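The chain contents come next:
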Amino acid sequence: MTETPWLPFRKSSYSVTAQNCVEVAVTSEFVAVRDSAHRELGYLTFPLAEWRAFLTELTDR
């Protein structure tokens with residue numbers, strides 16, 4: 001995990017009422033993902049190409 005002072009995390013509009021969600025921050029270099037219930041534990045980062053491949057796999061199902 002790279003130390004970053006601020007990332008623009010957002011929660012999906014599909015999870016407005018849910019308590020257990022993930023939040024995603026997209027930058028020009030990577031995508032960061034964290035657990036909204038445990039933000040203090042940090043986040044995972046993925047290269048943009050890897051994130052796109054993940055989303056493509058999800059939408060192709």
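In what follows, the structure referred to is the one given above.
A quick note: this is a predicted structure, and the numbers were derived from the prediction, not measured.

## A closer look at the nonpolar core
Among the nonpolar cores identified, the biggest contains 6 residues, and these are L7, F9, A25, F30, A32 and Y43. If we ignore the near neighbours within four places in the chain, the residues touching F9 are E23, V24, A25, A32, V33, R34 and Y43. In this structure, V24, V31, V33 and W51 belong to the second largest nonpolar core, which totals 5 residues.

## Comments concerning the packing of aromatic side chains
All told, the structure shown has 3 aromatic pairs when counted by the stated rule. Here the aromatic cluster, defined as three or more aromatic residues joined through ring pairs, consists of F46, W51 and F54. Across from the ring centre of F9, 3.7 Å away, lies the NZ or CZ of R34, which sits over that ring.

## Here's the deal with the pairing of strand β2 (residues 22-26)
On a regular strand, each side chain points to the face opposite its neighbour's, so the side chains alternate between the two faces of the sheet. Where strand β1 (residues 10-11) and β2 come together, 2 bridges link them in antiparallel fashion. Opposite R10, over in β2, you have V24 as the bridge partner. The pairing of β2 with strand β3 (residues 30-35) spans 5 bridges and is classified as antiparallel. Of the residues in β3, the one forming a bridge with A25 is A32.

## Describing the pattern of salt bridges
One pass over the full model with this rule turns up 2 salt bridges. For E23, the salt bridge goes to R34, with nearest N and O atoms at 2.6 Å. Here the residue E23 occupies a position in strand β2, and R34 occupies one in strand β3, the gap between them amounting to 11 residues. According to the relative accessible area criterion, E23 is buried, its value standing at 6%. A salt bridge links R39 to E23; its shortest N-O distance comes to 2.6 Å. Of this pair, R39 sits in the loop between β3 and β4 (44-47) while E23 sits in strand β2; the two residues are 16 residues apart in sequence, bridging distant segments of the chain.

So, how was this worked out
- All residue numbers refer to positions counted from 1 along the written sequence of the respective chain.
- In view of the model being predicted, local features appear only for residues whose pLDDT reaches at least 70, and side-chain atom pairs are presented and counted only at 80 or more, with totals across whole chains, interfaces and linings using the full set of residues.
- As a rule here, side-chain values come from all non-hydrogen atoms in the structure, and water together with hydrogens is ignored.
- Joining through side-chain atoms within 4.5 Å is the link that ties buried Ala, Val, Leu, Ile, Met, Phe, Trp, Tyr and Cys residues into a set, and such a set is a nonpolar core.
- Exposure categories follow from relative accessible area, calculated using a 1.4 Å probe and restricted to protein chains: below 20% of the type maximum is buried, above 50% is exposed, and the middle band is partly exposed.
- We call two residues in contact whenever any of their non-hydrogen atoms come within 4.5 Å of each other.
- Each pair of aromatic rings taken from Phe, Tyr and Trp, with Trp reduced to its six-membered ring, is defined by centres within 6.5 Å and is described as stacked if the planes are under 30 degrees apart, edge-to-face if over 60, and tilted in the remaining cases.
- Charges are assigned to positions over rings by a cutoff of 6 Å between ring centre and Lys NZ or Arg CZ, combined with an angular limit of 35 degrees from the ring normal.
- Here, strands pair whenever DSSP counts at least two bridges between them.
- Numbering of helices and strands starts at the N terminus; helices are DSSP runs of H or I of at least 4 residues and strands are runs of E of at least 2.
- One side-chain nitrogen of Lys or Arg within 4 Å of one carboxyl oxygen of Asp or Glu is enough to make a salt bridge.

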